[in-house]
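Structural description and commentary
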Amino acid sequence: MTAALPPPPAVPGVPVLGNALRMMGDVQQFFVDAYRDVGPVFRVRALNQSFVIMAGAAANRLLLERGEALFTSEESFGGLDREFGMRVHVLRGRPHRELRRILGAGLSRDLLAARWEQVTAETERMLDGWARRPAVAVVDGCQRLAAAQLSIAYTGASSAARFETLRSAFELVLDVTIAGKWPAATLRWPAYRRARAEIHRFARAALAERAAAGPGEGPPDLLDRALAAPYPPDVQAGMALQGYFAGVNTVAYLYSFMLDVLLRNPEVLARVTAEVDAAGPLTFDRLRALPALHGLVMETLRVYPPAPGSARTALEPFDFEGHRIEAGQRVLVATCVPHQLPEHFPDPQRFDIDRDFAAARRASLYAPFSVGGHTCLGAGMTQVLAVATVALLVRRLRLAPATPGRPLRITATPGPNPGRRFTISATPRAA
Ligand code: HEM
């Protein structure tokens, strides 16, 4: 009989808080440092929660090849399903693949092509608003922008009027059910119940309106797909909500990091600006021919991944890199740790928009959208929308940091972002 392997080693933390402070800051850097100091599997504790973190090439391969058999997402994402009918995150096997197929069609980048004029007009309107303010709070501004863009592309109408309700209710659910920051009883607070009810009314009204009007011109969008799907009304509403919420924070954090990068790297800003200026009228098809901008998006996702891990719970005991992981253990596959390893990305500290990602992508070592069965369904939309947004931005606005010299301070609430204090000033470029 072989002896059972030891449990993963713990990363030293402080009393009571454990590793919470580092998990709430630059969590990607924390995972990279712990991988180097402790190895590819280690335990962390944040207040009352304990996670096993698995990182490196073998961890990504395990999630890709055995993720479906070994893990469930219920404990991490069940709250989104129970509270909002957003079920795709927690399903497994065939039912998951079926819902993914339908939802994937409703979240396709083709919808941006179909609603290009509407999305760019709203983006330009919002960016012009930035130029009228003395300072722009970048994360908040980018959340509003991403929410408007995604809701127009996916549903044909902006959700801007409900933005604050949507943001506060969803962030509370994430803090309670995924981050474990507040007790579950928080979801019984009257203020939360009211916000939740409003979100439900909003999703049901959007679906009812579409059902009455019938599908519009162009490809079927997310609402058409949800209405035609063989699911109960709460799941159809959850599908519609994916268009208003899934992706808003991650896309906004990506935009915010890109702005930080552009302000800190004048040579990158000069290159993308020259590329956009030379491109002529900005049509959806022309987005493909902007290599410096594509490089900026890819490299920002490498260095500053807005979702640096996939949270799961082990369904059965298994061994990984010389350690035993027990059934029921909460696990986080830190999928983006390879982004910082020189064996996969030469000179990883260098921000290089000319990097070749092809080999790392094929080997699942470039993984800002995770790997395996639950890979992001909005990845295609994110990439084209991010290119379009930076193109419109550098064409319209001249940017400067509101507080020159302020260092980048990453905070992970709920995901890694440059923090609420990151502000810029924007002036019209023609001025
Ligand atoms: C920078 C932008 C984005 C990043 C970094 C990102 C990242 C991720 C990651 C890492 C996952 C996997 C989670 C897991 O393994 O449990 C995921 C799943 C998902 N994402 Fe995104 N995402 C982004 C934008 C979007 C957008 C715009 C949408 C569109 C609404 C979207 C919709 C989804 C959905 C529906 C899933 C669940 C897929 C499933 O469970 O089968 N994401 N995303």
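Residues numbered from 1 in each chain as written. Predicted model: local features only at pLDDT ≥ 70, side-chain atom pairs only at ≥ 80, totals over all residues.

Section: the packing of helix H7 (residues 116–131) against helix H17 (residues 379–396)
Packing of H7 against H17 leaves a shortest axis separation of 10 Å and a crossing angle of 45°. If you check the angle between H7 and H17, you find them oblique. Considering how the two elements wind past one another, H7 and H17 form a crossing that is right-handed. Packed against H7, whose contacting residues are Thr120, Thr123, Glu124 and Leu127, the element H17 presents Thr389, Leu392, Leu393 and Arg396 at the interface. Residue classes in the contact of H7 with H17 are distributed as 3 nonpolar, 3 polar and 2 charged. (Axes fitted to C-alpha atoms, helices over the stretch in contact; angles between N-to-C directions. Helix = DSSP H or I, 4+ residues; strand = E, 2+ residues; numbered from the N terminus. Parallel < 35°, antiparallel > 145°, perpendicular 65-115°, else oblique. Left-handed = near helix turned anticlockwise from the far one by under 90°. Contact = placed C-beta atoms within 7 Å. Nonpolar A, V, L, I, M, F, W, Y, C, P; charged D, E, K, R; others polar.)

Some remarks on the sheet that holds strand E12 (residues 423–428)
Taken together, the 3 strands give an open sheet; going across it, the order is E4-E12-E9, and neighbouring strands pair in antiparallel fashion. Strand pairing shows two members of the sheet lacking a second neighbour, strand E4 (136–137) and strand E9 (397–401), which therefore form its edges. Two elements, E9 and E12, share 5 bridges in a ladder whose sense is antiparallel. Each residue of the ladder has a partner; that of proline 401, found in E12, is isoleucine 424. On top of the sheet, H7 reaches E4, E9 and E12; it is set at about 105° to E12, its chief contact. (Pairing = 2+ DSSP bridges.)

Quick notes on the site of the ligand
The environment of the ligand is formed by 26 residues, the closest being Gly247, Thr250, Ser310, Cys376 and Gly378. Those elements that provide at least two residues to the shell around the ligand are helix H5 (93–106), helix H12 (233–244), helix H13 (248–264) and H17. The two domains that each donate at least three residues to the shell around the ligand are domain 1 (1–85 + 308–374) and domain 2 (102–264 + 376–431). (Near = placed C-beta within 6 Å. Domains from an automatic or database assignment.)

Observations regarding the domain arrangement of the protein
According to the domain assignment, the protein contains domain 1 (1–85 + 308–374) and domain 2 (102–264 + 376–431). Listed as interface residues are 20 residues of domain 1 and, on the opposing side, 20 residues of domain 2. Looking at which element gives the most residues to the side of domain 1 that touches domain 2, the answer is helix H4 (residues 74–84), with 7 residues. Classifying every residue of the side of domain 1 that touches domain 2 by side-chain character gives 10 nonpolar, 8 polar and 2 charged.

What to know about the confidence of the model for the protein
Overall, the prediction assigns the protein a mean pLDDT of 94, with 99% of residues at 70 or greater. Scored as a complex, the prediction yields pTM 0.97 and ipTM 0.99. (pLDDT = per-residue confidence, 0-100.)

Some points on the nonpolar core
One finds Ala146, Ala240, Tyr255, Met258, Val387 and Val390 to be the most contacted residues of the largest nonpolar core, which totals 82 residues. Mapping this core onto the domain boundaries places at least three of its residues in each of domain 1 (1–85 + 308–374) and domain 2 (102–264 + 376–431). In this structure, Phe51, Val331, Cys336 and Ala412 belong to the second largest nonpolar core, which totals 35 residues. (Core = buried A, V, L, I, M, F, W, Y, C linked by C-beta atoms within 7 Å. Buried ≥ 20, exposed ≤ 12 C-beta atoms within 10 Å, placed from the backbone.)

Details of helix H14 (residues 266–277)
For H14, with 12 residues, the first-to-last C-alpha span of 16 Å sits near the 16 Å given by 1.5 Å per residue. Residues of H14 that are buried: Val268, Val272 and Val276. Seen end-on, H14 carries its buried residues on one side only, within an arc spanning 65°. Structural note: H14 exposes Pro266, Glu267, Ala274 and Asp277 on the side pointing more than 90 degrees away from its buried face. Among the structural elements, H13, helix H15 (291–303) and H17 are those in contact with the buried residues of H14. (Expected span 1.5 Å × (residues − 1). Arc of directions from axis to C-beta.)

Regarding the pairing of strand E5 (residues 310–314)
Note on strand geometry: in a regular strand, side chains alternate between the two faces of the sheet. As paired elements, strand E3 (residues 71–72) and E5 share 2 bridges and run antiparallel to each other. Within E5, the position partnered with phenylalanine 71 by the bridge is alanine 314. Where E5 meets strand E8 (residues 330–334), 4 bridges bridge the pair, whose relative direction is antiparallel. Bridge pairing in E8 places arginine 312 opposite valine 331.

Looking at the sheet that holds E5
Sheet architecture is open: 5 strands sit in the order E1-E2-E8-E5-E3, paired in mixed fashion. Strands at the two margins of the open sheet, each flanked by one partner only, are strand E1 (41–46) and E3. Contacting E1, strand E2 (49–55) and E8, helix H2 (residues 27–38) crosses the sheet at an angle of about 75° to E2. Set on the sheet, H4 makes contact with E3, E5 and E8; between it and E5 the angle comes to about 115°.

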